[in-house]
2 protein chains.
Amino acid sequence: MLGKLVGVGVGPGDPGLVTVKACEVLRVVGVICAPKARHERPSIALNAVKPFLEMRRNHPKILELVFPMIKDRRELEKAWKINAEAIMTELKAGQDVAFITLGDPLFYSTFIYVYRVIAKAYPELRVEVVPGVTSITACAAASKMPIAEADDAVAVVPADLSPARIYEIAKNVDTIIFVKGIDNPAEMVESLLKGGFTRDSPLVFVKKCGGEVEEIKTGILKELQSWRVEDYFSTIIVKKRTGDAE
Amino acid sequence: MLGKLVGVGVGPGDPGLVTVKACEVLRVVGVICAPKARHERPSIALNAVKPFLEMRRNHPKILELVFPMIKDRRELEKAWKINAEAIMTELKAGQDVAFITLGDPLFYSTFIYVYRVIAKAYPELRVEVVPGVTSITACAAASKMPIAEADDAVAVVPADLSPARIYEIAKNVDTIIFVKGIDNPAEMVESLLKGGFTRDSPLVFVKKCGGEVEEIKTGILKELQSWRVEDYFSTIIVKKRTGDAE
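Residues numbered from 1 in each chain as written. Chains lettered and ligands numbered in written order. Predicted model: local features only at pLDDT ≥ 70, side-chain atom pairs only at ≥ 80, totals over all residues. Heavy atoms only, no water.

(A) Spotlight on the pairing of strand β10 (residues 234-239) of chain A. Residues and elements named next belong to chain A. Judged by how many residues are buried, β10 sits mostly within the fold: six of six residues are covered. Both faces of β10 are covered, namely the face carrying Ser234, Ile236 and Val238 and the face carrying Thr235, Ile237 and Lys239. As defined by bridge partners, strand β7 (residues 175-178) adjoins β10 across four bridges and the pair is classed as antiparallel. What sits directly across from Thr175, in β10, is Lys239. Alignment of strand β8 (residues 202-209) against β10, held across five bridges, turns out to be antiparallel. Of the residues in β10, the one forming a bridge with Leu203 is Val238. (Buried < 20%, exposed > 50% of the residue type's maximum accessible area, 1.4 Å probe, protein only. Helix = DSSP H or I, 4+ residues; strand = E, 2+ residues; numbered from the N terminus. Pairing = 2+ DSSP bridges.)

Below, the structure is given as structure tokens:
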């Protein structure tokens, strides 16, 4: 019988933010797939669960799969297919496979792509998803800045949305969160100001490195233009208004 | 010395979705504050962590605090103040206090309000926040519907935003998530259609009851108008386009 595929969110990188259920899955599953960006680099997701794997008596098979961080759609699809095939080989052998991802498996994660390829090949596949803590709530927790309260609307955007779209979104929400850094902070500040944010709008910036928090900065919007926030593993939360708590 | 205040996110209600760090805090802390909506009802957040409290040898003091689900700002502030004072009494006695919340402490949570009152009274207060899994990723996991991928923009909105604002937001995002149910689904569908969603846009609806999933429904946008989705503990995720995976 075909093994079961389990997408396991392991949180932002700190082993303490792995859930009880994720630990339970990782304690018994036969095969663990861990995505990473490059062959020569360790998997950050795997690092986050290492303490729990070390407690196991029988060691799982670990497949580190490379998902290159590129934009070329054809190259990406090739990588998804190769990785999906490696997973399918295990599933066909009757092995249950846990695919671990940083954050949550269904929120900007590589799990979505391999899951899609595999589900197409095996419509009868049993799939389970264990949700995880995202970098967003972890970023807020690190700085103690509330993300949203009462009737606040929130937008989550990847870095490279057009200034026009950022402006339209900014106009209609109370909090805006950039989940993959900001390439052009000066332009972004411009769009947010036009959209009703102010130069004093509070913000927090958290940069991760290898799963660890490397830098936390809190400040106000006008300062953002001079910050280096383009790193892909950065999260930036900007609030339109200063809450009483800040 | 003043005790430490720890905001602890316990996830969407399933004890399996509590994090390792939350368990660690709850295993040693002297006082646990658990919010609830009514005197006669049990605290859902407390329910989610019961299995971990039962493992303790020395039982913690448990304060169940009532935060009424009302809109009247004055009445709300009164409740925040009363509850903050109960917590401050413990802190002043040198006790560390864990304030547990469903989901995450800084994402539409009562923790924000009491934290604000207490931090104003004690600027020197040591505060820590343990982030949690939100109902959003839990809702996606239950249905296996991806929330966002690649350059998708996402909006999170409480139920009672105006149709005009919903329309503007819908125009500029790929996924829209309603976190406190939808009061008028027919009107909401109208706004989403005007904003570029289609009658076939895929959606998932998850209704919780006492922390347990009571109902999961997947479907398409045109069906939403006939669904009963007004419950406060409902999460609805609507995607503009059908991904390959659905």
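Let us keep going from here.
(B) Geometry of the nonpolar core. Formed by 84 residues in total, the largest nonpolar core has its most connected members in A:Leu5, A:Ile87, B:Leu5 and B:Ile87. In this structure B:Ile87 touches B:Leu5, B:Cys33, B:Leu65, B:Val97, B:Phe99, B:Val114 and B:Ile118, once residues within four positions along its chain are discounted. Counting residues in hydrophobic clusters, the runner-up holds 46 residues, among them A:Ile166, B:Ala170, B:Met188 and B:Val238. (Core = buried A, V, L, I, M, F, W, Y, C linked by side-chain atoms within 4.5 Å. Contact = heavy atoms within 4.5 Å.)

(C) Quick look at the pattern of salt bridges. Under the counting rule described, the total for this entry stands at 32 salt bridges over all chains. Close ionic contact of A:Glu77 with A:Arg73 constitutes a salt bridge, the shortest N to O distance being 2.9 Å. Separated by four residues within a single helix, A:Glu77 and A:Arg73 lie in helix α3 (residues 73-92), roughly one turn from each other. Residue classification places A:Glu77 among the partly exposed residues on the basis of a relative accessible area of 38%. With a shortest N-O distance of 2.7 Å, B:Lys61 and B:Glu90 are connected by a salt bridge. Here B:Lys61 is found in strand β3 (residues 61-66), whereas its partner B:Glu90 is found in helix α3 (residues 73-92), with 29 residues between them in sequence. Overall, B:Lys61 belongs to the partly exposed group, its relative accessible area being 44%. Note on B:Glu90: relative accessible area 9%, which makes it buried. (Salt bridge = Lys/Arg side-chain N within 4 Å of Asp/Glu carboxyl O.)

(D) Structural view of a nonpolar patch on the surface. Residue and element names in this part refer to chain A. Taken together, the side chains of Met69, Tyr232 and Phe233 define a hydrophobic patch exposed on the protein surface, amounting to about 290 Å² of accessible area. In this fold, Tyr232 is placed in the loop between α8 (221-224) and β10. By relative accessible area, Tyr232 is classed as partly exposed at 40%. (Patch = residues over 30% accessible without salt bridge, like charges linked within 9 Å, V, L, I, M, F, W, Y side chains within 5 Å. Areas by Shrake-Rupley, 256 points an atom, 1.4 Å probe, with all protein chains shown as cover.)

(E) The arrangement of the environment of B:Val157 in detail. Topologically, B:Val157 is positioned in strand β6 (residues 154-157). On the basis of relative accessible area, B:Val157 is assigned to the buried category, the value being 0%. Sequence separation between B:Val157 and B:Gly103 is 54 residues; the distance between their C-alpha atoms is 16 Å. What B:Val157 contacts, discounting residues up to four positions off in sequence, is A:Ala153, B:Ile166, B:Ile169, B:Ile176, B:Ile177, B:Phe178 and B:Val179.

(F) Quick peek at the relation of the copies chain A and chain B. Once chain A has been moved 0.0 Å along the axis and rotated by 180°, it coincides with chain B to within an RMSD of 0.0 Å. As the rotation angle and translation indicate, the two copies are arranged about a two-fold axis. Of the interface residues in chain A, 100% have counterparts in chain B that sit at the interface too, so the contact is made through matching surfaces. (Least-squares fit on C-alpha atoms with pLDDT ≥ 70 in both.)

(G) Molecular detail of the packing of helix α6 (residues 163-172) of chain A against helix α6 (residues 163-172) of chain B. With their axes 9 Å apart at the nearest point, α6(A) and α6(B) run at an angle of 150° to one another. With respect to α6(B), the element α6(A) is oriented roughly antiparallel. Crossing angle aside, the handedness with which α6(A) passes α6(B) is left-handed. Facing A:Arg165, A:Glu168, A:Ile169 and A:Asn172 of α6(A), the residues of α6(B) in contact are B:Arg165, B:Glu168, B:Ile169 and B:Asn172. Of the residues belonging to the contact of α6(A) with α6(B), the class tally is two nonpolar, two polar and four charged. (Axes fitted to C-alpha atoms, helices over the stretch in contact; angles between N-to-C directions. Parallel < 35°, antiparallel > 145°, perpendicular 65-115°, else oblique. Left-handed = near helix turned anticlockwise from the far one by under 90°. Nonpolar A, V, L, I, M, F, W, Y, C, P; charged D, E, K, R; others polar.)

(H) Highlighting the packing of aromatic side chains. All names here are of chain B. This structure, assessed with the given rule, holds 13 aromatic pairs over all chains. Arranged with centres 4.8 Å apart and planes meeting at 70°, the rings of Phe107 and Tyr108 form a pair that is edge-to-face. A relative accessible area of 14% places Phe107 in the buried class. A relative accessible area of 17% places Tyr108 in the buried class. An angle of 85° between the planes, with centres 5.4 Å apart, marks the rings of Tyr232 and Phe233 as edge-to-face. (Phe/Tyr/Trp six-rings, centres within 6.5 Å; stacked < 30°, edge-to-face > 60°.)

No statement about biological role is implied by the geometric values presented.
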